[in-house]
Each structure stands twice: as structure tokens, then as C-alpha cells.
Amino acid sequence: MRSPYGLQIIENCVTCPHKESRLFCNLAPAALQRLSEITSSATYPKGATLFVEGQASRGVFILCAGHVKLSTSSSDGRTLILRICEPGDLLGLPATISGRHYEVTADVIEPTQANFISRTDFLNFLSDHGDAALRVAQELSETYQTAFAEMRTIGLSHSAREKLARFILDWSAHHPSDNGAIKFNLTLTHEEIAQMIGASRETVTRIFADFKKRNLLQIKGSSVTIKDKRGLEQLLQKS
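A brief look at the structure comes next. (Residues numbered from 1 in each chain as written. Predicted model: local features only at pLDDT ≥ 70, side-chain atom pairs only at ≥ 80, totals over all residues. Heavy atoms only, no water.)

### Quick look at the packing of helix 6 (residues 190-197) against helix 7 (residues 201-213)
For step 1, the next point in the chain: Taken N-terminus to C-terminus, the directions of helix 6 and helix 7 make an angle of 105 degrees; their axes are 8 Å apart at the nearest point. Taken as axis vectors, helix 6 and helix 7 run roughly perpendicular relative to one another. In this structure, helix 6 contributes His190, Glu191, Ile193, Ala194 and Ile197 to the contact, and helix 7 contributes Arg201, Val204, Thr205 and Phe208.
For step 2, the next point in the chain: The residue makeup of the contact of helix 6 with helix 7, split by class, is 5 nonpolar, 2 polar and 2 charged. (Axes fitted to C-alpha atoms, helices over the stretch in contact; angles between N-to-C directions. Helix = DSSP H or I, 4+ residues; strand = E, 2+ residues; numbered from the N terminus. Parallel < 35°, antiparallel > 145°, perpendicular 65-115°, else oblique. Contact = heavy atoms within 4.5 Å. Nonpolar A, V, L, I, M, F, W, Y, C, P; charged D, E, K, R; others polar.)

### As for the pattern of salt bridges
For step 1, the next point in the chain: Per the counting criterion, the structure on display carries 8 salt bridges.
For step 2, the next point in the chain: Of the charged contacts in the structure, one is a salt bridge between arginine 83 and aspartate 89, with a shortest N-O distance of 3.1 Å. Each member of the pair, arginine 83 as well as aspartate 89, is classed as buried.
For step 3, the next point in the chain: When the shortest N-O distance is used, the salt bridge between glutamate 162 and arginine 166 registers 2.7 Å. With glutamate 162 and arginine 166 both in helix 5 (residues 160-171) and 4 residues apart, the pair spans about one turn of that helix. Each member of the pair glutamate 162 and arginine 166 is classed as buried. (Salt bridge = Lys/Arg side-chain N within 4 Å of Asp/Glu carboxyl O. Buried < 20%, exposed > 50% of the residue type's maximum accessible area, 1.4 Å probe, protein only.)

### Observations concerning the pairing of strand 8 (residues 112-118)
For step 1, the next point in the chain: Burial of strand 8 is extensive: 6 of the 7 residues sit out of reach of the surface.
For step 2, the next point in the chain: Bridge count for strand 1 (residues 43-44) against strand 8 is 2 bridges, and the pairing is antiparallel. In the sheet register, threonine 43 faces strand 8, and the bridge partner there is glutamine 113.
For step 3, the next point in the chain: Sheet topology places strand 3 (residues 59-65) next to strand 8; 6 bridges connect them, and they run antiparallel. By the bridge assignment, glycine 59 is partnered in strand 8 with serine 118. (Pairing = 2+ DSSP bridges.)

### Notes on the nonpolar core
For step 1, the next point in the chain: Counting residues in each nonpolar core, the largest one holds 27 residues, and the members touching the most others are Phe167, Ile168, Phe211 and Leu232.
For step 2, the next point in the chain: At the level of secondary structure, the elements contributing two or more residues to this core comprise strand 5 (79-85), helix 5, strand 10 (181-185), helix 6, helix 7, strand 12 (223-226) and helix 8 (229-238).
For step 3, the next point in the chain: Ranked by residues supplied to this core, first place goes to helix 5 with 6 residues.
For step 4, the next point in the chain: In this structure, leucine 232 is in contact with Ala165, Ile168, Leu169, Phe211, Leu216, Leu217 and Ile226, ignoring residues within four places of it in sequence.
For step 5, the next point in the chain: In this structure, Cys13, Cys16, Phe24 and Val136 belong to the second largest nonpolar core, which totals 21 residues. (Core = buried A, V, L, I, M, F, W, Y, C linked by side-chain atoms within 4.5 Å.)

Have a look at this one:
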């Protein structure tokens, strides 16, 4: 079934064609059946907000399709994007487990399906299904590792040039090379990339132009091709 946003809707967890490739969704049949029973399916347009930093935790969202950015803001209005979530991720998990407020804001950056499970139902589900609880522990571990990777990018990089090079290499890490070139889609704006690496939008635009001039990258719309991966890697070694 297609939604108004052109998404191919995943109607329930049991029949999801991607369940075996997604960490939390790859559960035993009985657990998947129960998960389907407590899950509310919903689709969201670009620009929608799933939850806001400081809001009391209501439960978790399973990202089925699309992408969502997690960000935090300072009192003076500065924003830092912490992560771009992929299909299969659990959003709002730390706050739901701890019972604390959401620690980040979750904004939809493209048409998305994100299914909701209330906190009470989710905790009862984990209590009844040990395999699901193990998957949650793995998800929390990956969130921990991702947070350290982001801190490394922002805190240990010596220049905005190195931060952007590291960001591009990390973003392309799971895409195959074709005759030495790596092609992927980057749907983030320069402003959003700047918020991820702790730089200004003008700086990101200037460095992208320099990377293209030096034939490290080719950019057409949202399509990015790394033409010289070694050249980007050398930028990290020189800092």
C-alpha cells in the first residue's frame, strides 16, 4: 500500500520484507506477532517532528522507511545535529528505557514511515521477550558508539576541512566502490552538514567548492561521487 507521500507502507512487523536485515526487527515469530499488536503505524512528511528535546518520553518509534535527524540546541539557538537515523533504527530509546525526557529532537528530513510503541507497552514487551531485550541492549551500544564517533569528528579534528572530509568518508562507508569511485546520495543541506560538524554554512559551501576544484568530489544535486578517496584520507593525516 502506498501513502500520500509515495512510500511503500510496511503494514505490520510480521510481513515486513526487511525484518531479517534490521537488528531490532529480526525477532522470533511470537515476538514479531506481539510487536505488531502493540505498534501504531504512521507516515510523516518532510519537516514533521516526532518528539522534542526536553519532552516527557511517551515511547519509541521504529523507523521503517525514510530518514530522521536527531539534534540538540543551546539556549542561544545554536543547533548540533547528532545523527541521521536509518530505517530499522529505534528512536527515543534511551529516554523510554530510563523514563527521562527525550534528550534530542527528532525531525523528519524526507517522507518517512515511523511506527510508534507506547512506553508501557514497550517495557512490558521487553519483559516478556528476552531476545527483544537483547536487541535493545545492542541498539543502545550502537548509539553509544555513534556518539563517540561524532565527538571524535567534532572534538579531535583540527580544521573544518578535516571535519568535512571525515564526514564524507563516514557517510559513504557502506557504499561500494565502482572503478575507484564511490557514489551515494546526500540529502542534507549545507546548513545541516554544518550543524553536524560544528562549522558555518558558508565554510561548508567553500570547502565543498574546493574539494570539487581539486577533483576529490563530483556533485550533481543530491548525488555525490568520491573520485579520490585517498585524497580525502590524506586530509585527515595532514592535520
